[in-house]
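# Examination of the molecular architecture
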Amino acid sequence: MRNFFISHKNPLTIVIAIILMGGVFAYEKMQTSLFPEITFPKIKIIADAGPQPVNKMMTSVTRPLENTIKQVPKLKRIRSTTSRGNCEISAFMDWDADIDLSQQRIESKINEIKNSLPVDVQITVEKMNPSILPVIGYTLESKTRSPIELKLLATYTIKPYLSQVEGVSEVRVIGGKSKEYWIVLNTQKMSTLGITPDIISTALSQTNFIKSNGYLTDYRMLYLTVTDASVHTKAELESIVISNNGKRVVQLQDLAEVQIQEAKEYVKINANGKDGLLLAVIKQPDANLIDISDKMNAKLTELQSILPADVTIKPYYEQSDFVNASVKSVNDSLWIGLFLAIIVAIVFLRSAKASLTILITIPVTISLTIIVLYAIGQTFNIMTLGAIAAAIGLIIDDAIVVVEQIHRTHEEHPEESSNTLVHKAVQYLFPAMLGSSISTIVIFIPFLLMTDVAGAYFKVMTNTMIITLICSFLVTWIILPVLYLLLTKGKKNNTPSKTITNHNLRTRKWITFFIHRPYISFAIVLLLAATIFFILPQLKTGFLPEMDEGSIVLDYSSPPGTSLYETDRMLREVEKIIVKEPEVAAYSRRTGTQMGFFITEPNTGDYLIQLKKNRKRSTDEVISEIRTKVEASQPALRIDFGQVIGDMLGDLMTSIQPIEVKIFGNDQKKLQQLSKQVAAVLNKLNGTADVFDGIVIAGPSINIEPHFKALAQFGITPANLQYQLQTSLEGNVVGDIREKEQINNIRMIYPDNRSKSLISIQNLNVFLPNGKLKPITDLANIRLSSGEAEIQRENLQAMGVVTSRLEGKDLGTVMQEVKRNVAAQVHLPQGYHIQYGGAYAGQQQSFRELLIILISSSLLVFGVILFLFKDFKIALIILLISVLGIAGSYLGLFITDTPLNVGSYTGLIMIVGIIGENAVFTFMQFKETLHTLSVDEAIIYSISTRLRPKLMTALGAIIALLPLALGIGTGSQLHQPLAIAVIGGFIVALPLLLIVYPSFLRVIYKRSI
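Residues numbered from 1 in each chain as written. Predicted model: local features only at pLDDT ≥ 70, side-chain atom pairs only at ≥ 80, totals over all residues. Heavy atoms only, no water.

Before going further, it helps to spend a moment on the overall build of the chain. Secondary structure assignment for the chain yields 31 helices and 31 strands. Each of the three principal axes of the chain carries a C-alpha extent, and together these read 130 × 80 × 55 Å. By sequence separation, contacts in the chain at least 24 residues apart represent 80% of the contacts at least 6 residues apart. Here the chain displays about 43500 Å² of accessible surface, and carbon together with sulfur accounts for 56% of that area. In the chain, 95 side chains carry a positive charge and 87 a negative one; their mean positions are 5 Å apart. (Helix = DSSP H or I, 4+ residues; strand = E, 2+ residues; numbered from the N terminus. Contact = heavy atoms within 4.5 Å. Areas by Shrake-Rupley, 256 points an atom, 1.4 Å probe, with all protein chains shown as cover. Lys, Arg positive; Asp, Glu negative; His and termini not counted. Charge placed at Lys NZ, Arg CZ, Asp CG, Glu CD.)

Below you can see the structure in the form of structure tokens.
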């Protein structure tokens, strides 16, 4: 190995070139996304059994489904919501479960009990992942075309055209109107001719069909024979014969008027204040979002040329804009930090060659890291890029230590050739390099213990850091010396220079001052310990770091039973508020439907509000103002604000709300009372917003209760009565007409069905089998009943759920007040108990895991140092100062008013490894010189020798992380807490390493002499 760097200089030069070119290749090929592709262990089951009462739905559908799903292996928790005619069940699996296999098992279990469920129940099972939500949204508008024409254009022209883009899973058409043929019955004519709705329905079913008669063989040919009695036009439909009694042929046009109408849909779509239609683009799970967006924009340009001139299609939401801006922001922070750190190296080393070596080493390290990430299938996302940016300080540290040692060796032995100096410096440093690198890498290994969504995302980050640090070690050990030699002239350096012998280094009086006064070091230790003890309780706390996405999701619901028209009127007033906000660029509104996979009633929906890129106020400030104005203008509306990606993550987890109070018990009415009490408590607290008591009431219903004897007397069955009632209101689909590629329903309906009221139903006449009419009041009771509340359950137990957002305060502070006030003001009956869920539950679980990780990381660092130096006391001292470095992180978070969350907690853990790494080099230097010098001289020499690299490392790392810590740019808020925690730790690390550490070394070694 003595001449390794010389003998292998040329091959390693080729390796450097290959790494750089490979890094560029991998950089170009790697996909870009906002977050890593994570499979969430959540499967949602939605069952639709028609308009059934909540209690019947619970007993006949929800409970059987829950009981059978509970048997699926690796199920952690099951949660359900039962409403009128629908139930929504969420099955939360273990994170290590195969989600595809779990979905199959759930579907299999449901199929086993399918026969015991209501006959007409429709069940959908979907695994929840980020790909179920749209990544691009378009509005389709026209001033001249009807909603029917727009939907036809969207469905049969635009959707197939955009679906051609590679990586697109689905293009959803939301809104518009479907075309239907309405048979509007004339009840008087029907009664006169003795024809009932059943007769018309039967005639249509026996006429409008196409069926095979079988095959016919004629000589060498085989023919398929088909009876085609299908109806193709409105005229053909009108001419269908309904009855022929030998005296008169009755056609459909004799009994009814055939109209082309818009289908009844309790959905309303609004885009930027105009009724329109939305197109939502869903990407495939592994598709590159940026590529899809670019290709979709190009496809849209082509599409504009074939669309009618009066039709416009515009984007209202593009997730790629935020992803591009976020990735670019982190990327810029990385390169700006790197540039500033290089300047620090130049200032300290005052050597162009040494600085240039560092400048080349870091891109080589990053290139090698990118190659490895590409090889294991990772993407460029905010977590992997953030990890590289956060690790820049550690990369610079590795490079600075080696270059500075080579540079120092050159200063001490100017008469020797660079080849000899490089080998001597690397050989001298290698044990410490290996030990310090391992001590930094091992701190990330315990992150494997982290679970849930925080673990899923931050494990990607810490794994990227491990890869980066391993690459950094390999590059600084093997590649950096070769780079230094390549930048060195081949001849021997005979330039006269002041020789600095090993023990002739300029002594620094301040070191002597501190090591002879150990009480100062003990005071620093006590001060830092007190800082940890007193500041930790004062810190704000949160869960996952929040980002300013520049987009707002506004969920709303009008009072139960509110008509679509009235809900739309209220929302028009809300839109007047939205458009007046100067930061708003565009918005879209869905009523009767929502983004995602949910049960949605006609009185509920959401807004997606896109803010301008260049705006003066943050998203939270805009939300706060819109919330205040909407609550004042439309107090009847229940509103809930969030951001798109934050809500998406919430949907994929247990709850989207930071605060969730779950009250468990058996009696629904009592649960509702307690929920209202808890909501009242939350409403009074400062820091809560969008408080919701969780009580969702379905609108009032009109119950028709048949008189069975009367029905039997007149030869009518209850099913026939229901059929006629449906004909008079919604109408019944009795067939379809195929026109080109589209299928349009034929709906049989009574006249004036859109304007019917309760009195109209009471005055309704029912057809008897002979065609005569009978008042419905003679055959059934009609009564009005109030709406029923949804039933929520978790793990088969009923519960009430009260939720709230945060406004102006951190999660930890608000939750302390919530728990204290709820315990004092809400008195639970026997058998009832409260649990706290939402983001708070995730925070508490993550903090428990992170504390275990912090302890495990500290012990691993202790173990590595003990194994390296075989000295228990030294390992204990290094562990002590490493842990005390956390005080700097706490101070940084406290001064900058940054919450302690998963991101900043990760920074605390990093500091332990960073301080341990630096302490290794100092002790190695001390131990080497202790053979020839006294304890005091050895300490002074080792600190003086390591002073320059320590200052360079600390300043370089701080400056490298500064762009992230300042939170400049889109999405930078995600890594801001981590950067602040690491910078604070670095600042406190300097007095710990330069004052406390040498003082403790002197105390131990003076006693051992």
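From this point, the narrative continues.
Okay, the confidence of the model for the chain next. Averaged over every residue, the pLDDT of the chain is 85; residues scoring 70 or more account for 95%. In this model residues 491-504 is a low-confidence stretch, pLDDT under 50, and it forms 20 contacts with partners more than four residues away in sequence or in other chains. (pLDDT = per-residue confidence, 0-100.)

Two faces make up the sheet, and in a regular strand the side chains alternate between them. The element strand β5 (residues 136-142) is largely enclosed, with a buried count of seven among its seven residues. One ladder, built from seven bridges, connects β5 with strand β16 (residues 311-318); its direction is antiparallel. Counterpart to Leu-140 in the pairing with β16 is Ile-313. (Buried < 20%, exposed > 50% of the residue type's maximum accessible area, 1.4 Å probe, protein only. Pairing = 2+ DSSP bridges.)

For the rest of this paragraph, the subject is the sheet that holds β16. Spatially, β6-β15-β5-β16 is the arrangement adopted by the four strands of the open sheet, whose pairing is antiparallel. Each end of this open sheet is capped by a strand with a single partner; those strands are β6 (168-175) and β16. Adjacent strand axes in the sheet meet at a mean angle of 20°, parallel and antiparallel pairs treated alike. Note that β5 and strand β15 (residues 277-283) share five bridges and pair antiparallel. (Axes fitted to C-alpha atoms, helices over the stretch in contact; angles between N-to-C directions.)

We now examine a nonpolar patch on the surface. Nonpolar side chains collect at one region of the surface, where Ile-210, Tyr-215, Leu-222, Leu-224 and Val-226 lie side by side and expose about 550 Å² of accessible area between them. Sorting the residues of the nonpolar patch by element identifies β8 (210-218) and β9 (221-228) as the ones contributing at least two each. When residues in the nonpolar patch are grouped by element, the largest group, three residues, is from β9. (Patch = residues over 30% accessible without salt bridge, like charges linked within 9 Å, V, L, I, M, F, W, Y side chains within 5 Å. Salt bridge = Lys/Arg side-chain N within 4 Å of Asp/Glu carboxyl O.)

Here the focus is the side chain of Asn-381. You can see Asn-381 is positioned in the loop between α12 (352-375) and α13 (382-412). Since its relative accessible area comes to 0%, Asn-381 is described here as buried. A distance of 2.9 Å separates a polar side-chain atom of Asn-381 from the backbone nitrogen of Thr-384. With near-sequence residues (within four places) excluded, Asn-381 lies in contact with Ser-33, Leu-34, Phe-35, Pro-36 and Gly-386. (Polar contact = N/O pair within 3.5 Å; in protein donor to acceptor, adjacent residues only side chain to side chain.)

A few words now on the pattern of salt bridges. Pairing between side chains becomes possible if they bear opposite charge and their charged atoms approach one another. One pass over the structure, following the stated rule, counts 31 salt bridges. The salt bridge involving Glu-807 is made with Arg-627; its shortest N-O contact spans 3.0 Å. With Glu-807 in the loop between β30 (797-806) and α25 (811-825) and Arg-627 in helix α19 (residues 619-633), this pair connects stretches of sequence that are 180 residues apart. Its relative accessible area of 6% is what places Arg-627 among the buried residues. As a salt-bridge pair, Lys-809 and Glu-817 come within 3.1 Å of each other at their nearest N and O atoms. One continuous salt-bridge network, built from bridges that share partners, spans Arg-77, Arg-79, Glu-660, Lys-662 and Glu-794.

For the rest of this paragraph, the subject is the domain arrangement of the chain. Here the domain parsing of the chain yields domain 1 (4-30 + 351-488 + 509-543 + 844-1006), domain 2 (42-128) and domain 3 (180-264 + 701-785). With centres defined by C-alpha atoms, the gap from domain 1 to domain 3 works out at 79 Å. (Domains from an automatic or database assignment.)

A rise of 1.5 Å per residue sets the reference length of helix α26 (residues 838-869), with its 32 residues, at 46 Å; its end C-alpha atoms lie 47 Å apart and thus fit the reference within 8%. Lys-870 lies just past α26 and shows a positive phi near 55°. (Expected span 1.5 Å × (residues − 1).)

Our focus in this paragraph is the environment of Gln-844. Residue placement: Gln-844 occurs in helix α26. Using a relative accessible area of 27% as the deciding quantity, one classes Gln-844 as partly exposed. Remark: the alpha-carbon pair of Gln-844 and Ser-944, spanning 100 residues in sequence, is separated by 44 Å.

Attention now goes to the environment of Ala-585. On the secondary structure map, Ala-585 appears in strand β18 (residues 584-591). Residue class for Ala-585 comes out partly exposed when judged on its relative accessible area of 49%. Distance from Ala-585 to Gln-816, taken between C-alpha atoms, is 38 Å for residues 231 residues apart in sequence. Dropping the residues within four chain positions of it, Ala-585 is found in contact with Gln-610, Leu-611 and Lys-612.

What follows deals with the sheet that holds strand β19 (residues 604-611). Pairing is antiparallel in the open sheet, where six strands are placed in the order β14-β13-β18-β19-β17-β20. Strands with a single pairing partner mark the edges of an open sheet, and in this sheet they are β14 (274-275) and β20 (638-642). Direction of pairing for β18 relative to β19: antiparallel, over a ladder of seven bridges. Within the sheet, the bridge partner assigned to Tyr-587 lies in β19 and is Ile-609. The strands touched by α19 are β17 (551-557), β19 and β20; relative to β20, the strand with the most contacts, the crossing angle is about 175°.

Attention shifts here to the packing of aromatic side chains. Enumeration over the complete set of coordinates arrives at 18 aromatic pairs. Pairing Phe-430 with Phe-473 gives two aromatic rings, centres 6.3 Å apart and planes at 40°, and the pair type is tilted. Separated by 43 residues along the polypeptide, Phe-430 in helix α14 (residues 418-441) and Phe-473 in helix α15 (residues 452-486) bring together distant segments of the chain. Using a relative accessible area of 27% as the deciding quantity, one classes Phe-430 as partly exposed. Here Phe-473 falls in the buried class, since its relative accessible area comes to 11%. (Phe/Tyr/Trp six-rings, centres within 6.5 Å; stacked < 30°, edge-to-face > 60°.)

On to the side chain of Asp-936, then. Here Asp-936 shows up in helix α30 (residues 935-965). For Asp-936, a relative accessible area of 14% translates into the label buried. Looking at Asp-936, its side chain comes within polar contact range of the side chain of His-516, at 3.0 Å. With residues near it in sequence (within four places) discarded, Asp-936 still touches Ile-515, His-516, Arg-1002 and Lys-1006.

Two numbers describe how helix α11 (residues 319-349) lies on α30: the axes approach to 7 Å, and their chain directions differ by 155°. With respect to α30, the axis of α11 lies roughly antiparallel. Crossing angle aside, the handedness with which α11 passes α30 is right-handed. In this structure, α11 contributes Ser-333, Ile-336, Gly-337, Leu-340, Ala-341, Val-344, Ala-345, Phe-348 and Leu-349 to the contact, and α30 contributes Arg-948, Leu-951, Met-952, Leu-955, Gly-956, Ile-959, Ala-960, Pro-963 and Leu-964. Looking at side-chain class alone, the contact of α11 with α30 contains 14 nonpolar, three polar and one charged residues. (Parallel < 35°, antiparallel > 145°, perpendicular 65-115°, else oblique. Left-handed = near helix turned anticlockwise from the far one by under 90°. Nonpolar A, V, L, I, M, F, W, Y, C, P; charged D, E, K, R; others polar.)

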